[in-house]
Amino acid sequence: LGKRLVQVPEIQAGEHRDEVEAKLNAAGFENLTFTQMSSDEVEAGFVIKTSPSYPEQVDVETQIQVFVSTGEEEPEPEGAQRGGYDAGGRTENAG
């Protein structure tokens, strides 16, 4: 059997993850991977882009990567402690 080429549906940045999944499934794509990434422009839970993307034609078995926004990246608070110490300088889980 030969490959069945299908055009990747047009997805707009800002479409809800569920809508995008439904569009891709309706086009015949079932091999979907959802990748979380921060975005200053797209709200959390909404799609930033897909790869491959419209108007590419790919085999229906091709894995489509859907990048979903987690919202804006949270800046590290100034003076934040790292390394497992609480504000008192004691290690967490100290027995």
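Note that the structure is predicted; figures quoted are calculated from it, not measured.

J.: For the side chain of Glu15, give the residues involved together with the corresponding values.
T.: Mapped onto the elements, Glu15 comes out in the loop between β1 (5-7) and α1 (17-26). Looking at Glu15, its side chain comes within polar contact range of the main-chain nitrogen of Gln12, at 2.6 Å. A distance of 2.9 Å separates a polar atom in the side chain of Glu15 from a polar atom in the side chain of Lys23. When near neighbours in sequence (up to four residues on either side) are disregarded, Glu15 contacts Glu10, Val20, Lys23, Phe46 and Val47.

J.: So what about unusual backbone geometry? Which residues, and what values?
T.: Of note, the amide linkage connecting Ser51 to Pro52 takes the cis form, showing an omega dihedral of -5°. Tracing the backbone through its elements, the reader meets Pro52 in the loop between β3 (47-51) and β4 (57-59). For the peptide bond that leads from Tyr54 to Pro55, omega is 5°, which places it in the cis range. Topologically, Pro55 is positioned in the loop between β3 and β4.

J.: Which residues make up the nonpolar core, and what values go with them?
T.: Of all hydrophobic cores here, the largest spans 13 residues; its most connected members are Val8, Val20, Leu24, Phe29, Val47, Ile64 and Val66. Those elements that provide at least two residues to this core are α1 and β5 (64-69). The element best represented in this core is β5, accounting for 3 residues. Those residues in contact with Val20, other than ones at most four positions away along the chain, are Ile11, Glu15, Val47, Thr50 and Val66.

J.: Summarise the sheet that holds strand β2 (residues 32-37); cite the residues concerned and give the values.
T.: Within the open sheet, the 3 strands sit side by side as β2-β5-β3. Their pairing is mixed. Each having just a single partner strand, β2 and β3 make up the two edges of the open sheet. Averaged over all pairs of adjacent strands, the angle between strand axes in this sheet comes to 20°, irrespective of strand direction. Of the pairings in the sheet, the one linking β2 to β5 comprises 6 bridges and is parallel in character. Opposite Thr35, over in β5, you have Phe67 as the bridge partner. On the sheet, α1 packs against β2, β3 and β5 and is oriented at approximately 155° with respect to β2.

Here is what the cut-offs are and how they apply
- Residues numbered from 1 in each chain as written.
- Predicted model: local features only at pLDDT ≥ 70, side-chain atom pairs only at ≥ 80, totals over all residues.
- Heavy atoms only, no water.
- Helix = DSSP H or I, 4+ residues; strand = E, 2+ residues; numbered from the N terminus.
- Polar contact = N/O pair within 3.5 Å; in protein donor to acceptor, adjacent residues only side chain to side chain.
- Contact = heavy atoms within 4.5 Å.
- Core = buried A, V, L, I, M, F, W, Y, C linked by side-chain atoms within 4.5 Å.
- Buried < 20%, exposed > 50% of the residue type's maximum accessible area, 1.4 Å probe, protein only.
- Pairing = 2+ DSSP bridges.
- Axes fitted to C-alpha atoms, helices over the stretch in contact; angles between N-to-C directions.

These figures come from the coordinates and say nothing about function on their own.
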